[in-house]
Amino acid sequence: MRVALFGGSFDPVHEGHLAAAVLARQALDLDRVILIPAGSTATRPGPKAQAVASAAHRLAMLRLLCEGRPWLEVSDAECRPGASPFAVDTLALFHRTLPAGTDIVLLIGSDKLALLPRWHGIDAIRASARIVALDRPGHPLDAAPPWVERLGGPLPDLSSTQIRARLAAGGPLDGLCPSAVISYLMTEQPYARPGPAARFA
Ligand SMILES: Nc1ncnc2c1ncn2[C@@H]1O[C@H](COP(=O)(O)OP(=O)(O)OP(=O)(O)O)[C@@H](O)[C@H]1O
Ligand SMILES: O=C(O)c1ccc[n+]([C@@H]2O[C@H](COP(=O)([O-])O)[C@@H](O)[C@H]2O)c1
């Protein structure tokens, strides 16, 4: 069996994430793709350190995305209480829990490649998984270290930051997020700022 782990903030999940998972599944002949929302701020430097929506909201949107796609799953491995934020620990967990002999592929967007060599335990990561870079528009795959496989696009030029900005501006999200996720964003409003009443509730 061949299984991909696809980690990210998914804040929120968008059509770029889905297209990447679909492309990887087809190109790499994957049996399963597991989406793993990050819970902690520890691996993200700078202003994007903290996810905006709660882990519960991000998990709920990912679960909706998986409905009707039996090859696509979500795991709370990195956002459950006490979880490690490090990919090396996530990999060890899946090596323990997936059937013996499973090949694990780690998917990573090309925008994240510059920092990849400095990931905690990168040598152990390299030893226990294939690492495959996704061709994110504006971030050439040429930057990939030689030990990273490159998966050509095209993938949509979308980001979660762009989706949150569009939401805040009240603009339509059609074509940017899967429809079940759009419905969730409209009804549950995970990015709404709490008003004074809610703050003291
Ligand atoms: N359009 C895309 N094409 C290819 N890979 C993508 C795309 N969007 C996100 N990814 C990759 O998916 C993973 C999870 O992404 P993440 O949850 O951080 O969303 P994001 O859109 O990159 O968020 P941000 O707005 O903070 O950049 C990362 O490896 C990222 O590089
Ligand atoms: O293990 C690390 O040192 C490490 C450093 C940076 C990012 N990551 C992984 O990248 C994912 C988070 O991606 P993002 O989009 O929140 O930057 C999450 O699955 C982490 O396991 C992992």
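Residues numbered from 1 in each chain as written. Chains lettered and ligands numbered in written order. Predicted model: local features only at pLDDT ≥ 70, side-chain atom pairs only at ≥ 80, totals over all residues. Heavy atoms only, no water.

Q: What am I meant to see in the pattern of salt bridges here?
A: Close approach of charged atoms allows side chains of opposite charge to pair. Evaluated as defined, the whole model comprises six salt bridges. Across the pair arginine 32 and glutamate 73 runs a salt bridge, and its minimum N-O distance is 2.6 Å. Of the two residues, arginine 32 sits in strand S2 (residues 32-37) while glutamate 73 sits in strand S3 (residues 72-74), which places them 41 residues apart along the sequence. Between aspartate 111 and lysine 112 there is a salt bridge, with the nearest N and O atoms lying 4.0 Å from each other. (Salt bridge = Lys/Arg side-chain N within 4 Å of Asp/Glu carboxyl O. Helix = DSSP H or I, 4+ residues; strand = E, 2+ residues; numbered from the N terminus.)

Q: It is not clear to me how the side chain of threonine 102 should be interpreted in this structure. Could you clarify?
A: Note on placement: threonine 102 falls in the loop between helix H3 (87-97) and strand S4 (103-109). Among the polar contacts listed, one links the side chain of threonine 102 to the backbone oxygen of proline 99, at a separation of 2.5 Å. Apart from the residues lying within four places of it in its own chain, the contact partners of threonine 102 are Met1, Val3 and His95. (Polar contact = N/O pair within 3.5 Å; in protein donor to acceptor, adjacent residues only side chain to side chain. Contact = heavy atoms within 4.5 Å.)

Q: Which parts of the structure should I look at to understand the side chain of aspartate 11?
A: For aspartate 11, the location among the structural elements is in the loop between strand S1 (2-8) and helix H1 (15-28). Residue aspartate 11 is classed as buried on the basis of its relative accessible area of 4%. Of the polar contacts made by the side chain of aspartate 11, one reaches the backbone nitrogen of valine 52; its length is 2.6 Å. Within the local environment of aspartate 11, its side chain forms a polar contact with the side chain of tyrosine 191, the two groups lying 2.7 Å apart. Residues within four places of aspartate 11 in sequence aside, it is in contact with Ala51, Val52, Ala53, Arg58, Ser160, Arg164 and Tyr191. (Buried < 20%, exposed > 50% of the residue type's maximum accessible area, 1.4 Å probe, protein only.)

Q: Sorry, what's going on with the site of ligand 1 here?
A: Around ligand 1 sit 21 residues, and of these Phe10, Asp111, Arg136, Pro156 and Thr161 come closest. Burial of ligand 1 by the surrounding chains reaches 96%, relative to a free accessible area of 600 Å². Looking at the shell around ligand 1, the elements with two or more residues in it are S1, H1, S4 and helix H5 (160-168). The element best represented in the shell around ligand 1 is S1, accounting for three residues. Here the residues of the shell around ligand 1 are counted per class, giving six nonpolar, ten polar and five charged. (Near = heavy atom within 4 Å. Areas by Shrake-Rupley, 256 points an atom, 1.4 Å probe, with all protein chains shown as cover. Nonpolar A, V, L, I, M, F, W, Y, C, P; charged D, E, K, R; others polar.)

Q: Please clarify how the nonpolar core should be interpreted in this entry.
A: If you look at soluble globular proteins, the nonpolar side chains tend to sit buried side by side. Grouped together as the largest cluster of nonpolar side chains are 36 residues, with contacts concentrated most on Phe6, Val33, Leu35, Leu72 and Leu107. Secondary structure elements with two or more residues in this core: S1, H1, S2, helix H2 (55-66), S4, strand S5 (130-134) and helix H6 (179-188). With six residues, H1 is the largest single contributor of residues to this core. Residues contacting valine 33, with those up to four places away along its chain left out, are Ala4, Phe6, Ala21, Arg25, Trp71, Leu72 and Glu73. Judged by nonpolar contacts, the second largest core, of 23 residues, contains Ala77, Leu113, Ile125 and Val148. (Core = buried A, V, L, I, M, F, W, Y, C linked by side-chain atoms within 4.5 Å.)

Q: Whenever I open this one, the packing of H2 against H6 confuses me. Can you help?
A: Between two packed helices, both the angle of their axes relative to each other and the distance between the axes serve to describe the pair. At their nearest, the axes of H2 and H6 sit 8 Å apart, and the two run at 145° to each other. Seen along the crossing, H2 lies across H6 with a hand that is right-handed. Between H2 and H6, the residues in contact are His57, Ala60, Met61 and Leu64 and Ala180, Val181, Tyr184, Leu185 and Glu188, respectively. Here the contact of H2 with H6 is built from residues that sort into seven nonpolar, one polar and one charged. (Axes fitted to C-alpha atoms, helices over the stretch in contact; angles between N-to-C directions. Left-handed = near helix turned anticlockwise from the far one by under 90°.)

Q: Honestly, the environment of leucine 185 in this entry has me stumped. Any pointers?
A: Note on placement: leucine 185 falls in helix H6. Accessibility expressed as a relative area gives 3% for leucine 185, which makes it buried. Measuring from C-alpha to C-alpha, the distance between leucine 185 and leucine 167 comes to 8.6 Å, with 18 residues separating the pair along the chain. Sequence-distant contacts of leucine 185, that is, excluding residues within four places in its chain, are made with Pro12, Met61, Leu167, Leu173, Cys177, Pro190 and Tyr191.

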